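Reading the structure
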Amino acid sequence: MAALPVLVAILFLGWEATRIPWQNLDGYLPASPGFAALAILGLYGLKSIFFVIPLYALYIVSSILFPPVWAIGITYLGLTIELLIGFWFGRRMGETQIRPRIEKYDFSNWLFTFIEKHAGWSCIVIRFLPLPADVSNMLLAASRISLPSYLMFSLVGFTPKLLSIILAGEAATNAHAGQFSALFTLIIVLEVSPMILIWLRRKYHK
């Protein structure tokens, strides 16, 4: 039942994306690419504090404003800023607020143990789950994971969706319908695959 509205929302957003005048977006680009890049990086910093900014929207904006290589580079830099701020908040509040509130649950204790024993793998997997990136950042930081592992493996986990969305935006801007359709299908597969795998695992254990 939960998957149905998610699928409807994805199909609706895809339909809305086909109605955007991608070829005419050049008229909306800022005069200074440097200012645009700084503005996007600032939004990544704000996202770490105000969770309402959608991460995928920042990917799409970067793909529209910049060529692919620059869009990918700026996105990685913005994610690094967001990850560092989230890590700082998670470490600062982990011992006093986050861990005491959720350690009383068996699943939370198991999750913290899993993260601390398998730091790299857990960072990659969590980035595929439908969990807000900002919440994931504080959760991982509260688990006493090391900063280098947290930063490197989180960026690896973000990469598949990041590249797919940026390249899909680039294809839509340049009116490459076939490439956009293939990448959009890949995005949907990446988005729903964790839920399908979790369902299959639970069914297998039952």
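Everything below is about the structure shown above.
Note that the structure is predicted; figures quoted are calculated from it, not measured. Residue positions are given per chain, counting from 1 as you read along its sequence in written order. Per-residue local features of the predicted model are confined to residues with pLDDT of at least 70, and side-chain atom pairs are confined, for both listing and counting, to 80 or more; whole-chain, interface and lining totals are unaffected and use all residues. Computation of side-chain values: all heavy atoms of the structure, hydrogens and water removed.

Concerning the overall build of the protein
- Scanning the protein for helices and strands turns up nine helices and zero strands.
- Secondary structure is summarised from DSSP: a helix means a run of H or I of at least four residues, a strand means a run of E of at least two, and numbering begins at the N terminus for each. Sequence-ordered secondary structure for the protein, helices as α and strands as β, is α-α-α-α-α-α-α-α-α.
- For the protein, the proportion of its 206 residues judged to be buried stands at 39%.
- The contact definition used throughout considers only heavy atoms, calling two residues in contact when any of these lie within 4.5 Å. Across the protein, every contact between residues at least 6 apart in sequence was considered, and the portion connecting residues at least 24 apart equals 74%.
- All accessible areas in this document rest on Shrake-Rupley with a 1.4 Å probe, and a residue is counted as covered only by the protein chains that are shown. As displayed, the protein has an accessible area near 12,200 Å², and 73% of this comes from carbon and sulfur atoms. The rule is simple: take the accessible area with a 1.4 Å probe, protein chains only, and divide by the maximum for that residue type; under 20% is buried, over 50% is exposed, in between is partly exposed.

Here's the deal with the environment of Asn109
- Inspection of the secondary structure assignment puts Asn109 in helix 5 (residues 106–117).
- Judged by relative accessible area, Asn109 falls into the partly exposed class, the value being 31%.
- For the pair Asn109 and Ser143, spaced 34 residues apart in sequence, the C-alpha to C-alpha distance is 9.8 Å.

Things to note about helix 7 (residues 133–142)
- Most of helix 7 sits inside the fold, with nine of its 10 residues counted as buried.
- Restricting attention to buried positions, one finds in helix 7 the residues Ala133, Asp134, Ser136, Asn137, Met138, Leu139, Leu140, Ala141 and Ala142.
- Immediately downstream of helix 7, the backbone of Arg144 shows phi near 70°, a positive value.

Some thoughts on the packing of aromatic side chains
- The pairing test for Phe, Tyr and Trp rings, Trp by its six-membered ring, is centres within 6.5 Å, and the orientation test on the planes gives stacked under 30 degrees, edge-to-face over 60, and tilted for anything in between. Overall, the coordinates contain two aromatic pairs when judged by the stated rule.
- With 4.8 Å between their ring centres and 45° between their planes, Phe87 and Tyr150 make a pair best called tilted. Of this pair, Phe87 sits in helix 4 (residues 68–102) while Tyr150 sits in helix 8 (residues 147–173), and the two are 63 residues apart along the sequence. As far as burial versus exposure is concerned, Phe87 and Tyr150 are alike and both buried.
- Taking 5.1 Å as the distance between ring centres and 70° as the angle between the ring planes, the aromatic pair formed by Trp88 and Phe89 counts as edge-to-face.
- For Trp88, a relative accessible area of 47% puts it in the partly exposed group.
- Its relative accessible area of 25% is what places Phe89 among the partly exposed residues.

Things to note about a nonpolar patch on the surface
- Together, Leu43, Leu46, Ile49 and Phe50 line one region of the surface with nonpolar side chains, adding up to about 360 Å² of accessible area.
- Note that Ile49 resides in the loop between helix 2 (33–47) and helix 3 (55–65). Surface patches are drawn from residues lacking salt bridges whose relative accessible area is over 30%; two like charges belong together within 9 Å, two nonpolar side chains (Val, Leu, Ile, Met, Phe, Trp, Tyr) within 5 Å. For this document, the term salt bridge refers to a Lys or Arg side-chain nitrogen within 4 Å of an Asp or Glu carboxyl oxygen.

Digging into the packing of helix 2 against helix 3
- Between helix 2 and helix 3, whose axes approach to 11 Å, the crossing angle comes to 175°. In terms of orientation, helix 2 lies roughly antiparallel with respect to helix 3. Within the contact between the two elements, helix 2 uses Ala36, Ile40, Leu43, Tyr44 and Lys47 and helix 3 uses Leu55, Leu58, Tyr59, Val61, Ser62 and Leu65.
- Its residues placed into classes, the contact of helix 2 with helix 3 shows nine nonpolar, one polar and one charged. In this description, a line fitted to the C-alpha atoms serves as the axis of each element, helices being fitted only across the stretch in contact, and the angle between N-to-C directions of two axes falls anywhere from 0 to 180 degrees. To sort the angles, those under 35 degrees are grouped as roughly parallel, those over 145 as roughly antiparallel, those from 65 to 115 as roughly perpendicular, and the leftovers as oblique. All amino acids are sorted into three groups, where Ala, Val, Leu, Ile, Met, Phe, Trp, Tyr, Cys and Pro are nonpolar, Asp, Glu, Lys and Arg are charged, and the leftover types, Gly among them, are polar.

Quick look at the nonpolar core
- Joining through side-chain atoms within 4.5 Å is the link that ties buried Ala, Val, Leu, Ile, Met, Phe, Trp, Tyr and Cys residues into a set, and such a set is a nonpolar core. By size, the foremost hydrophobic cluster in this structure holds 34 residues, and its most contacted members are Tyr59, Leu79 and Ile145.
- Within the residue set of this core, elements represented by two or more residues are helix 2, helix 3, helix 4, helix 5, helix 6 (119–126), helix 7 and helix 8.

Section: the environment of Ile166
- By the secondary structure assignment, Ile166 is in helix 8.
- Looking at Ile166, the relative accessible area reads 1%, which means it is buried.
- Remark: the alpha-carbon pair of Ile166 and Tyr56, spanning 110 residues in sequence, is separated by 9.1 Å.

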